[in-house]
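These are the residues of each chain, in order.
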Amino acid sequence: MKVVYYPKDPTENAFTSIVQSGMKLNGYEILSIEDFLDRGNSEPTPVYLNWFDEIHARNSLFSFWAYLRQRRLIGRIISNGGRIVYVVHNCIPHDTVLKGNLFFSHRLRELLSRSAGCIVILCDETRNVLESQLGSSLYSHIEPKILKAPIPTYTGFYPHAERSWRSEHGISPDKFLFLFSGFIRPYKGVELIVGVAQYFMSKGYDAQFVIAGRCSSKDYQRKISSMASELDNLRLSFGFVSNEDLGSFIEAADALILPLDQSSLNSSTCYLAFSYGRTVVCSAIGTIREFNSSLTYSYECGSAEAQKAKLIVAAERAYLDWAADREGFSVKGKILKRIVDEENSVEKIGALYRAAAEMCLV
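The rules behind the values
- Residues numbered from 1 in each chain as written.
- Predicted model: local features only at pLDDT ≥ 70, side-chain atom pairs only at ≥ 80, totals over all residues.
- Heavy atoms only, no water.
- Helix = DSSP H or I, 4+ residues; strand = E, 2+ residues; numbered from the N terminus.
- Buried < 20%, exposed > 50% of the residue type's maximum accessible area, 1.4 Å probe, protein only.
- Pairing = 2+ DSSP bridges.
- Axes fitted to C-alpha atoms, helices over the stretch in contact; angles between N-to-C directions.
- Contact = heavy atoms within 4.5 Å.
- Phe/Tyr/Trp six-rings, centres within 6.5 Å; stacked < 30°, edge-to-face > 60°.
- Lys NZ or Arg CZ within 6 Å of the ring centre and 35° of its normal.

J.: How do you make sense of unusual backbone geometry when you look at a structure like this?
T.: What is expected of a backbone is that most residues other than glycine have negative phi and most peptide bonds are trans. The step from Tyr-6 to Pro-7 runs through a cis peptide bond, and the omega angle for that step is 0°. Here Pro-7 is to be found in the loop between strand E1 (2-6) and helix H1 (14-25). With phi around 55°, Trp-51 is a residue other than glycine that occupies positive phi space. Looking at where Trp-51 falls in the secondary structure, it is placed in the loop between strand E3 (45-50) and helix H3 (60-79). One non-glycine residue with positive phi stands out, namely Asp-95, at about 55°. Mapped onto the elements of the fold, Asp-95 is located in the loop between strand E4 (82-88) and helix H4 (99-115). Of the residues examined, Asp-95 reaches a relative accessible area of 34% and is grouped as partly exposed.

Next up, the structure:
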């Protein structure tokens with residue numbers, strides 16, 4: 001079966017690569033959206049659209065133009081025989097407070113929800129978000145089109161590397177290590193991690209923090225560096241962590257710390273941590289709600305100041321659990337790994353995406 005997946009490989013997003021590999025295992029031939037639009041016929045074809053409802057523009061006029069561009073493209077897809085599979089990722093676009101971006105992103109969400117033959121959600125919480133944003137009337141109309149296809153396991157995706165990250169950062173094996181890894185953007189709450197490290201240092205806890213990844217801007221990098229300049233228990237490693245090194249980096253940690261803001265609904269980084277047998281300290285986004293609360297350390301989002309206090313409590317609870325029973329703490333990660341490897345295998349997720357295609361072709 002020929003399908004369209006947007007964005008098509010290669011991308012820097014491992015999620016799209018893993019999903020597409022699962023689709024290929026289930027018999028798909030994947031086309032780019034450009035190849036689809038240039039093919040010269042209108043044979044019904046499933047078209048998977050990821051992040052297609054998100055507008056990031058510098059002012060409201062550009063927001064409007066971006067909205068019109070996406071709206072026209074949706075029209076072209078449908079007129080060329082495309083059967084839209086709308087994949088919902090976030091509550092709202094990350095790192096934007098511009099009213100135009102939010103307004104027109106919402107309009108695209110409404111349009112895609114109406115136009116899609118199938119709406120793929122990655123977690124159950126998405127249902128509540130869609131009903132709240134779209135209203136009960138529209139939601140009741142689209143609900144039969146919703147199909148859940150969770151984020152797949154990352155096990156086996158990254159190569160194994162024998163790199164000693166603790167040694168490189170001067171962190172002994174018997175210290176608790178909190179790790180943040182990924183593209184460093186404001187919505188990920190990295191400043192809050194600095195606050196947790198300050199609190200841990202004041203308490204004399206035997207824990208270290210590492211923030212690793214490429215910053216979204218030089219100004220943001222300087223801001224983080226300035227905040228962390230006097231903390232002996234926090235290491236900064238700015239720059240892209242290669243695919244070859246990422247797995248060993250995750251394995252070096254005891255837990256990942258991910259203070260995502262309220263724009264977030266799903267987190268591939270959580271699944272990455274689980275795939276390597278690590279638990280997370282994270283805001284209670286939709287991804288976290290998919291798992292038993294005893295396996296992770298979560299807290300409800302709120303104002304920035306409230307979130308900082310709640311994050312400290314959650315991180316402290318993780319550290320104290322580890323200090324009291326290291327084996328019991330590690331079992332949490334092992335259980336999470338077993339769950340995602342068994343229930344979220346690449347083949348199973350690929351089969352769900354095939355079901356989405358079949359739904360939109362009916």
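J.: Would you take a moment to explain the environment of Ile-257 for this structure?
T.: Structurally, the position occupied by Ile-257 is in strand E10 (residues 255-258). The sequence separation of Ile-257 and Leu-179 amounts to 78 residues, and the corresponding C-alpha distance is 5.9 Å.

J.: Is there a simple way to explain the sheet that holds strand E2 (residues 29-31) in this structure?
T.: Sheet strands associate in pairs through backbone hydrogen bonding, adopting either a parallel or an antiparallel arrangement. Within the open sheet, the 6 strands sit side by side as E2-E1-E3-E4-E5-E6. Their pairing is parallel. Of all the strands in the sheet, just E2 and strand E6 (146-148) have a single pairing partner and so form its edges. With strand direction ignored, the average angle separating the axes of adjacent strands in the sheet is 30°. Where E1 meets E2, 3 bridges bridge the pair, whose relative direction is parallel. Paired with Val-3 across the bridge in E2 is Ile-30. Along the sheet, H3 makes contact with E3 and E4, crossing E4 at roughly 135°.

J.: What's the story with the pairing of E1 in this structure? I'm lost.
T.: One face of the sheet, then the other: side chains in a regular strand alternate in exactly this way. Relative to E3, E1 is paired through 3 bridges, and the arrangement is parallel. Bridge pairing in E3 places Val-4 opposite Val-47.

J.: I'm lost on the packing of aromatic side chains in this one. Help?
T.: Two aromatic rings, taken as a pair, are described by how far apart their centres are and by the angle between their planes. Applying the stated criterion across every chain yields a total of 28 aromatic pairs. Between the aromatic rings of Tyr-6 and Phe-52, the centroid separation amounts to 5.4 Å while the plane-to-plane angle is 90°, which identifies the pairing as edge-to-face. On the criterion of sequence distance, the pair formed by Tyr-6 in strand E1 and Phe-52 in the loop between E3 and H3 is long-range, its members being 46 residues apart. Overall, the relative accessible area of 31% leaves Tyr-6 in the partly exposed class. Considering the side-chain rings of Phe-200 and Phe-209, the 5.3 Å spacing of their centres and the 85° angle between planes classify their relative orientation as edge-to-face. Each member of the pair Phe-200 and Phe-209 is classed as buried. Site record: aromatic cluster; members linked through ring pairs are Phe-176, Phe-178, Tyr-199, Phe-200, Tyr-205, Phe-209, Tyr-297, Tyr-319, Trp-322 and Phe-329. Over the aromatic face of Phe-62 sits the side chain of Arg-58, whose NZ or CZ is 4.0 Å from the ring centroid. Above the face of the Trp-165 ring, Arg-163 is positioned so that its terminal group lies 4.1 Å from the ring centre.

Everything listed is a geometric property; what it means functionally is a separate question.
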